[in-house]
Amino acid sequence: MNTDAQWPSPEMAKIKVLEIQAKLHRWAKESPEMVFEDLYNLVSEPAFLVDAWSRVKRNKGSRSSGVDGQTVLGIKVGSGELDFLSEIRCLLKSRAFRPFPVRERMIPKPGSAKLRRLGIPTVCDRVVQASLKSVLEPIFEADFHPCSYGFRPNRRAQDAIAEIHFFATRGYEWVLEGDIEACFDEIDHTALLSRVRRRIGDRKIVNLVKSFCKSGILTEAKSLIGSKTGTPQGGILSPLLSNIALSALDEVFARRWKEFGASSAKRQYRRKKGLPTYRLVRYADDFVILVAGNRIHTEDLLVESQKALGPMGLRLSEEKTLITHVDRGFDFLGFRIQRRRKPGCQKTMVYTWPRKDALAIVKSKVREVTRIDRNASLSILLGYINPILRGWTNYFRHGVSKRTFSYLRAFTWRRVICWLRHKHPKRSWKSLKRMYLPNWWPTEGERQLFNTGEVTVTRYRYRSCKIPTPWDDILQNGATA
């Protein structure tokens, strides 16, 4: 590798990184026992640093600063991007790089009065983490199992919901809802690094991962505490490290699934003998186990899950880990999943629709936006509301959501109309309609209120084990060439 290479453009850096990642992924896939050496130079490779910097800049948290008070915008205006990256590269090559403690920020948990810790690394640490992740991710992706969907490339929450729907409609009626207690805070570092070493033989890479795990936390009270366990939530590298740790759970249930047989006929034969079959579906630290059996079989899996997580220093939450039947329904990733009788007939179907608290969250966001300064124009108001509505409906459109979308349409329309009435208290309805409500729909200029009632609702296709990685096309094109 030419260590004196010039700094490439972001476009060229992305192409080069993808090519190297494709090679790493191919080698890892072809040789499951292969241990990778001499990877550290890739972390400081100009292409990887430029691509990492591009990702950090695009991130929503780019305006947040770490313990050093430095932001992405400050680097652009101050020292300059290339000088900043050159400094990082020198620190990495001389092995003088040491991560700063993360800045603690306590944020409320969705749907709960509890708080969770968010760790904000410095901008420098984010770039190194992003570069390190680009090196490690294609290697470990070759080992991760299809049952895991959270924080993995080309995978999304809808894939997990689609798999649950697929198995729930095929006799998997009992459900173990698992929730890991403080997963990001309690992962055992020794066990995690042991799993990293299974694939990574470069000590410099392992030590770099360890340094991020042990970097410490600067609390909101300005006191420094050590990081004995966990990977602080908020870092770019944390999701990958948590998936490496939780793959211990995936491996146990993937092995069981393989033992049940390669075909549905073999699994049905097993069930006829009174033995259960079950399937794990995991998204980050939330998971469900779908069981074709009875409640006793499901209770046995609760113990087995805890045994799989124990060596990683993790435990299941007693409050949130539940056993339920699909007829009673359960919640997962913002959806309510339940088997009900189809209207107009005696046939039962498994339905998925937005949870009530998910609807309550988007309603509270609309309320908050429509309380802004009434001196603003309607166009500015719609500029705030429309992305909220568009993102929410895009997430939930793969479900039985039409009635919910119609309700949200009426709710949002009413909030905007009330905002207009407060903005123009002396104007008549006729005047407001002429100015802002053509066809009684809020409009100003070329901007209209996003109509959630017109969003098309479709069933998300279950992709099974056929979800491609970002490097498959590159590998196929390379093989063809």
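Right, let's walk through the structure included here. (Residues numbered from 1 in each chain as written. Predicted model: local features only at pLDDT ≥ 70, side-chain atom pairs only at ≥ 80, totals over all residues. Heavy atoms only, no water.)

**Remarks on the pairing of strand β6 (residues 277-283)**
Note the following rule: Relative accessibility under 20% of the residue-type maximum defines a buried residue, over 50% an exposed one, and the middle range a partly exposed one, all with a 1.4 Å probe and only protein chains included. Where helices and strands are cited, they refer to DSSP runs of H or I of at least four residues and of E of at least two residues respectively, numbered from the N terminus. Here, strands pair whenever DSSP counts at least two bridges between them.
Burial analysis of β6 places 6 of its 7 residues in the buried class, which makes it a mostly covered element. The pairing of β6 with strand β7 (residues 286-292) spans 7 bridges and is classified as antiparallel. Across the sheet, the residue bridging to Y283 is D286, located in β7.

**Describing a positive patch on the surface**
To be explicit about the condition: Note that patches include only residues with greater than 30% relative accessible area and no salt bridge, and the join distances are 9 Å for like charges and 5 Å for nonpolar side chains (Val, Leu, Ile, Met, Phe, Trp, Tyr). Here the accessible surface of atoms and residues is derived via Shrake-Rupley with a 1.4 Å probe, and residues count as covered only by protein chains that are part of the display. Only one rule defines a salt bridge in this text: a Lys or Arg side-chain nitrogen within 4 Å of an Asp or Glu carboxyl oxygen. Under the convention used here, Asp and Glu are negative, Lys and Arg are positive, and both His and the chain ends fall outside the count. In plain terms, the charge of a residue is placed at NZ if it is Lys, CZ if Arg, CG if Asp and CD if Glu.
A cluster of basic side chains, namely R197, R203, K210 and K214, defines a positive patch on the protein surface. One can find R203 in helix α10 (residues 203-213).

**Remarks on the packing of aromatic side chains**
Selection rule: Pairing of aromatic rings covers Phe, Tyr and Trp, the last through its six-membered ring, and needs centres within 6.5 Å; plane angles under 30 degrees mean stacked, over 60 mean edge-to-face, and all others mean tilted.
Per the counting criterion, the structure on display carries 17 aromatic pairs. For the ring pair F97 and F212, a centre distance of 6.0 Å and an interplane angle of 50° mean the geometry is tilted. Of the two residues, F97 sits in the loop between α5 (81-93) and β1 (102-108) while F212 sits in helix α10, which places them 115 residues apart along the sequence. On the basis of relative accessible area, F212 is assigned to the buried category, the value being 8%.

**Some points on the state of the cysteines**
Rules: Our working definition of a disulfide is a cysteine sulfur pair at a distance within 2.5 Å.
Within the structure shown, the criterion is met by 0 disulfides. Cysteine C147 remains unbridged, with the sulfur of C465 as its closest cysteine sulfur at 9.4 Å.

**Considerations on the sheet that holds strand β2 (residues 115-120)**
In space, the 4 strands of this open sheet follow the order β2-β1-β4-β5, with mixed pairing throughout. Lying at the two open borders of the sheet, with one neighbouring strand each, are β2 and β5 (224-225).

**Some remarks on the packing of helix α6 (residues 123-141) against α10**
Keep this limit in mind: Axes here mean lines fitted to C-alpha atoms, for a helix over just the part in contact, with angles spanning 0 to 180 degrees between N-to-C directions. Orientation labels follow simple angle bins: below 35 degrees gives roughly parallel, above 145 gives roughly antiparallel, 65 to 115 gives roughly perpendicular, and whatever is left gives oblique. Helix crossings get a hand from a simple test, with the near helix turned counterclockwise from the far one by less than a right angle marking a left-handed crossing and a clockwise turn marking a right-handed one. Residues are treated as being in contact if the distance between any of their heavy atoms lies within 4.5 Å. Lys, Arg, Asp and Glu make up the charged group, whereas Ala, Val, Leu, Ile, Met, Phe, Trp, Tyr, Cys and Pro make up the nonpolar group; the residues left over, Gly among them, are polar.
As a packed pair, α6 and α10 sit with axes 12 Å apart at the nearest point and diverge in direction by 135°. As judged from the angle between their axes, α6 and α10 are oblique. Relative to α10, the crossing made by α6 is left-handed. For the pair formed by α6 and α10, the contact residues are D125, V128, Q129, L132 and L136 on the first element and I205, L208, V209 and F212 on the second. Of the residues assigned to the contact of α6 with α10, the class counts are 7 nonpolar, 1 polar and 1 charged.

**Some remarks on the pairing of strand β3 (residues 174-179)**
Of all 6 residues that make up β3, 6 are buried, and the element is covered over most of its length. Of the two faces of β3, the one carrying W174, L176 and G178 and the one carrying V175, E177 and D179 are both buried. Of the pairings in the sheet, the one linking β3 to strand β8 (residues 322-325) comprises 4 bridges and is antiparallel in character. Of the residues in β8, the one forming a bridge with L176 is I323.

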